[in-house]
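Letter by letter, the chains look like this.
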Amino acid sequence: MITKHFKKFLIIPIIIIVLGIIFGVINGGLNLGIDFTGGSIVSVDFKGDFDTDVVQKALDNNGMGDSPIVKAGEGYTQAEIRMRTLDTDELQSTTNDAILSDIRQTYPDAEIVSVDKVGGVASAELVRNAFLAVAIACGLMLIYIWIRFQLYNGISAVIMLIHDVGIMIAIMCILQIQINSAFIAACLTIIGYSINNTIVVFDRVRDNLKVMGTKRFTRAEIADTSIKETLTRTINTSVTTLIMIVCLYIFGVPTIKEFSFPIIVGLLAGVYSSVVLAAPMWAVLADHFDKKKKQGVKAKAKPKKKAAKA
Amino acid sequence: MKKRSLVGIIVTFVLIALLCFVVINGFSVGIYEVKPLNGIQQGLDLTGGVYTVYQATDTSVDKFDEKMDGAMLVLRDRLDAKGFTEATVTKQGTDRIRVEIPINSTSEIQDPNEVAEFIGTPAKLEFVDPNGNTVLEGSDIASAQAGQNPQTLEYVVSFELTPSGTEKFAAATEEFLNQTISITIDGETISAPKVNSVIANGKGEITGSFTAESAQNLAMQIESGALPLDLQEIEVRSISATLGAGALQNSILAGLIGLAILFLFILIYYRLPGLVACMALVVYVCFVLLLLGSVPGVQLTLPGIAGIILGIGMAVDANVIIFERFKEEFRTGKTLRTSFNGGFQKAFVTILDSNITTLICAIVLAAFGTGTLKSFAYTLIISIIVSMISALVITRGILKMFINLNIKNPNVFMAKAKQLREAAKAAKEGGGAQ
């Protein structure tokens, strides 16, 4: 059933990813946070103890509510606010002044002591490094799956990973939610989790290949049976993980929310891909290349006959 | 058998309760100490630390920007080597580097200056011949390790050269046989050994009144390479948690609520095996927390918490796979015991393959990743291994004991078990009649 409609199931992810690209082009890519783009660190001296809530309110009033605040210095009498880069230096300094005057309503002695421009924590080098590490990991996983299963399983497993992370990035592009270095961790979490789901389905396919055999049943039928048999397990496991992560999202502080939301998206994408895409893709790939192989054999066989006739 | 299993179950319950107590409160026996829960090293995002700003002393050098980037990478490597994988390195302005390091009451190194000095030392290593020419540099060294000379018991830094370094060193030792080649670090001579023989294998040792710690530090510095720029420390200040106060308690609370709902779900859905799964999960969480407290270089951070949650998801998964297989076997009309054994065997392969695949991913990330990526990977590796053991050993062991109790009503083990059994019987008889 599922394998027959494989192409239809592909439509949803393709639409999401295409939408992601369109929104990405319109909005100029992902909404990168200070971890990636850098920004400025504004140090405010309070000359005494202070409450970060006051600073937070001042930031909220000026549209900079997403800037992390830390206390610093001897006795924690200073606040360091990490703000994203604003379009012009002028805007930057008026915003800083507006924030300061808001703070001064509560703490009249407060003063901006320094404004430093800083680069991103997640430098291009770091992101490149993460990509490289994931690429190597994918390669090795592909080899392991190839050894334990078939090459087609490995290929479709890696494609599923790309799908899951692709959906995550696309959704972030569409919703323009700010992403920081925690997003990298979220992507890695999904890669680890989703490969697990896919392997469980493939394991069942491997079992059923032995029990059912490709002589009596088509690969599509084997894939469908395997999906049906693992469905309860896939749903239950995903529900349990979702429970954990949704709790984090509901009860967590904003930064935790920023991190758990993409994981929720990735989890759902992972369930979708491992249930309706992974096994059918294996069946389609294996059938396709099998046919080609057979055709190749036939094609080789034909010229011989012709030669015999001649 | 029945009595023994009952005793076994009670003992297991007590042991698990004891384990929880130890994890929460910590304990120490002689030299062995188990750190309590709040002893886990926490990252910058959760508890704060210090930041240091370095200023490049000479901005007029060639390719300054490139060298700044290079220096940032070297700092990153050194922080990772010291176990501060959660530290952040950012460029401030054009000629300053800001390093934030999670040093707080939970870290082993308490003096921030110690770390700041370690990472900020140029560590420019040179081998100088008697004529004052440099024959080898730090970049010729492929790897360096601290060790102890077995005869003199002196602490040394042993090194292995790159292929081109090996050639240069062989040529130099041949040319200056029976003369001295001095080894300098940042222009200061730390030892001037006499060349006794031609060294062609590219291996050697640096001696020079090291302590165990200074040898270790030098080895790490050499491995990470010399800083391409001279940096001057201009500011060291403490900062509070970047996630804001209460983020940790908040996440722990969220985790506990999640865990409670999860337990309820498993209990309702899987009944007695569900209870066993909950016990296995408690053991899993305890062990992960214990290991997090004792493995160096592992810090509890936001991504780390994610790793643990992912691990909980996977630990549940292994249990779910076992129980589903168990149910399937039972459906074919087998007894509880045989379907449990059969189901477990089949589930074992699945669990092994799925976990090893994830483990490959985690190991690669630990090996090639930097900073946060590394600590995430460590947490994930710990989680995967512990979750596998908890499912394969603990779930299996406890469930086996429960089955040995010979509980008459199979409904305790799964919903509608009696109907399933009758259906299986009917199917068998039907099959027999055909």
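The model shown is predicted, which means the values in this text are computed figures rather than measured ones. (Residues numbered from 1 in each chain as written. Chains lettered and ligands numbered in written order. Predicted model: local features only at pLDDT ≥ 70, side-chain atom pairs only at ≥ 80, totals over all residues. Heavy atoms only, no water.)

Quick look at the overall build of chain A
Check the secondary structure of chain A and you find nine helices and four strands. Scanning chain A from its N terminus toward the C terminus, one meets helices and strands in the order α-α-β-α-β-β-α-β-α-α-α-α-α. In terms of C-alpha radius of gyration, chain A reaches 27 Å, well past the compact-globule figure of 19 Å for 310 residues. By its C-alpha atoms, chain A is 100 × 45 × 30 Å across when sized along the principal axes. Within chain A, the proportion of its 310 residues that are buried is 49%. Long-range pairs, those at least 24 residues apart, make up 76% of the contacts in chain A with a sequence separation of at least 6. Of the roughly 14,900 Å² of accessible surface on chain A, a fraction of 65% belongs to carbon and sulfur atoms. (Helix = DSSP H or I, 4+ residues; strand = E, 2+ residues; numbered from the N terminus. Rg over C-alpha atoms; globule rule 2.2 N^0.38 Å. Buried < 20%, exposed > 50% of the residue type's maximum accessible area, 1.4 Å probe, protein only. Contact = heavy atoms within 4.5 Å. Areas by Shrake-Rupley, 256 points an atom, 1.4 Å probe, with all protein chains shown as cover.)

What to know about the overall build of chain B
Looking only at helices and strands, one finds 11 helices and 13 strands in chain B. Taking all 434 residues of chain B together, 53% fall into the buried category. Of the roughly 19,500 Å² that chain B leaves accessible, carbon and sulfur atoms contribute 58%.

Description of the interface of chain A and chain B
Taken together, the 64 residues of chain A in the interface contact 63 residues of chain B. The contact between chain A and chain B buries some 5,600 Å² in all, and 68% of this surface belongs to carbon and sulfur atoms. Taken together, the links from chain A to chain B amount to eight salt bridges. Ionic pairing is found between Glu328 of chain B and Arg204 of chain A, a salt bridge with its closest N-O pair at 3.1 Å. Linking chain A with chain B are 17 residue pairs in polar contact (both at pLDDT 80 or more). Those elements giving two or more residues to the side of chain A that touches chain B turn out to be strand S2 (69-72), strand S3 (78-84), strand S4 (111-118), helix H5 (124-148), helix H7 (181-212), helix H8 (219-251) and helix H9 (254-309) of chain A. Looking at the side of chain A that touches chain B, the element that brings in the most residues is H7 of chain A, giving 15 residues. Residues belonging to the side of chain A that touches chain B are distributed by class as follows: 36 nonpolar, 15 polar and 13 charged. (Buried area = accessible area lost by both parts, 1.4 Å probe. Salt bridge = Lys/Arg side-chain N within 4 Å of Asp/Glu carboxyl O. Polar contact = N/O pair within 3.5 Å; in protein donor to acceptor, adjacent residues only side chain to side chain. Nonpolar A, V, L, I, M, F, W, Y, C, P; charged D, E, K, R; others polar.)

Quick word on the sheet that holds strand S6 (residues 125-128) of chain B
Residues and elements named next belong to chain B. Judged by pairing direction, the sheet is antiparallel, and its four strands sit side by side in the order S7-S6-S10-S11 without closing on themselves. Each having just a single partner strand, strand S7 (134-137) and strand S11 (188-191) make up the two edges of the open sheet. Between one strand axis and the next, the sheet turns by 35° as a mean value, whatever way the strands run. Here S6 pairs with S7 via three bridges, running antiparallel. Looking at the pairing, Val128 lines up with Thr134 of S7. Against the sheet, helix H5 (residues 163-175) engages S6 and S7, with an angle of about 150° to S7. (Pairing = 2+ DSSP bridges. Axes fitted to C-alpha atoms, helices over the stretch in contact; angles between N-to-C directions.)

A closer look at the state of the cysteines
If you walk through the whole model with that rule in mind, you get zero disulfides over all chains. Here Cys138 of chain A stays free of any disulfide, with the sulfur of Cys361 of chain B as its closest cysteine sulfur at 7.1 Å. Cysteine Cys187 of chain A remains unbridged, with the sulfur of Cys173 of chain A as its closest cysteine sulfur at 12 Å. (Disulfide = S-S within 2.5 Å.)

Examining the sheet that holds strand S12 (residues 203-210) of chain B
All names here are of chain B. Strand order in the open sheet formed by three strands is S8-S9-S12, with antiparallel pairing between adjacent strands. The open sheet has two edge strands, strand S8 (141-148) and S12, and neither has a second partner. Neighbour-to-neighbour, the strand axes of this sheet turn through a mean angle of 25°, independent of strand direction. Relative to strand S9 (residues 155-161), S8 runs antiparallel, the two being bridged by seven bridges. Bridge pairing in S9 links Gly147 to Val156. Helix-sheet contacts for helix H6 (residues 212-224) involve S8, S9 and S12, and the interaxial angle to S8 is about 170°.

As for the packing of H7 of chain A against H8 of chain A
Residue and element names in this part refer to chain A. Running from amino to carboxyl end, H7 crosses H8 at an angle of 150°, the nearest separation of the two axes being 9 Å. In terms of their interaxial angle, H7 and H8 are classed as roughly antiparallel. Judged by the twist between their axes, the crossing of H7 over H8 is right-handed. For the pair H7 and H8, the contacting residues are Tyr193, Asn197, Val200, Val201, Arg204, Val205, Asn208, Leu209 and Met212 in the first and Glu221, Ile222, Thr225, Ser226, Ile227, Glu229, Thr230, Arg233, Thr234, Thr237, Ser238 and Thr241 in the second. (Parallel < 35°, antiparallel > 145°, perpendicular 65-115°, else oblique. Left-handed = near helix turned anticlockwise from the far one by under 90°.)

Examining the pattern of salt bridges
The full count for this structure, using the stated rule, is 21 salt bridges over all chains. For the salt bridge of Arg206 of chain A with Asp353 of chain B, the shortest nitrogen-to-oxygen distance reads 2.7 Å. Taken as a pair, Arg206 of chain A in helix H7 and Asp353 of chain B in helix H9 (residues 336-368) lie in two separate chains rather than in one. Close ionic contact of Lys346 of chain B with Glu329 of chain B constitutes a salt bridge, the shortest N to O distance being 3.0 Å. You can see Lys346 of chain B sitting in helix H9 and its partner Glu329 of chain B sitting in helix H8 (residues 302-331), a full 17 residues away along the chain. Given the relative accessible area of 7%, Glu329 of chain B is considered buried. Within this structure, Arg148, Asp203, Arg204, Arg206, Asp207 and Glu229 of chain A together with Arg325, Glu328 and Asp353 of chain B form a network of salt bridges that share partners.

Describing the confidence of the model for chain B
Residues and elements named next belong to chain B. Taken over all residues, the pLDDT of chain B has a mean of 80, while the share at 70 or more is 88%. Confidence, expressed as mean pLDDT per element, reaches its minimum in chain B at strand S2 (residues 32-34) with 62 and its maximum at H9 with 89. Here the prediction assigns the complex a pTM of 0.76, and the interface score ipTM is 0.79. (pLDDT = per-residue confidence, 0-100.)

Let's talk about the packing of aromatic side chains
This model, assessed by the stated rule, comprises 14 aromatic pairs over all chains. Pairing Phe46 of chain A with Phe50 of chain A gives two aromatic rings, centres 4.0 Å apart and planes at 5°, and the pair type is stacked. Ring centres 6.0 Å apart and planes at 25° place the aromatic pair Phe265 of chain B and Tyr269 of chain B in the stacked group. Taken together, the residues span about one helical turn, with Phe265 of chain B and Tyr269 of chain B both in helix H7 (residues 247-294) at a distance of four residues. A relative accessible area of 31% places Tyr269 of chain B in the partly exposed class. Three or more aromatic residues joined by ring pairs make a cluster, and in this case those are Phe265, Tyr269, Tyr270 and Phe323 of chain B. When the ring centre of Phe50 of chain A is taken as reference, the NZ or CZ atom of Lys71 of chain A above it lies at 5.0 Å. Directly above the aromatic system of Tyr51 of chain B lies the positively charged group of Arg98 of chain B, at a separation of 3.9 Å from the ring centroid. (Phe/Tyr/Trp six-rings, centres within 6.5 Å; stacked < 30°, edge-to-face > 60°. Lys NZ or Arg CZ within 6 Å of the ring centre and 35° of its normal.)

Quick word on helix H10 (residues 372-404) of chain B
Within an α-helix, residues lying three or four positions from one another point in the same direction, as the helix has 3.6 residues per turn. Residue and element names in this part refer to chain B. Look at H10: 47 Å from first C-alpha to last across 33 residues, which is about the 48 Å you get at 1.5 Å a residue. The largest bend in H10 comes to about 30°, at Ser390. Counting buried residues along H10, 24 of its 33 residues qualify, which places the element largely inside the surrounding structure. Among the residues trailing H10, Asn406 stands out with phi positive, at a value near 55°. (Expected span 1.5 Å × (residues − 1). Bend = angle between axes of the 7 residues up to and from the residue.)

A few points about helix H4 (residues 112-120) of chain B
If you check which residues of H4 of chain B are buried, you get Val115, Ala116, Phe118, Ile119 and Gly120 of chain B. The inward-facing, buried residues of H4 of chain B contact strand S3 (49-56), helix H3 (64-81), strand S5 (96-101), H6 and strand S13 (231-239) of chain B.

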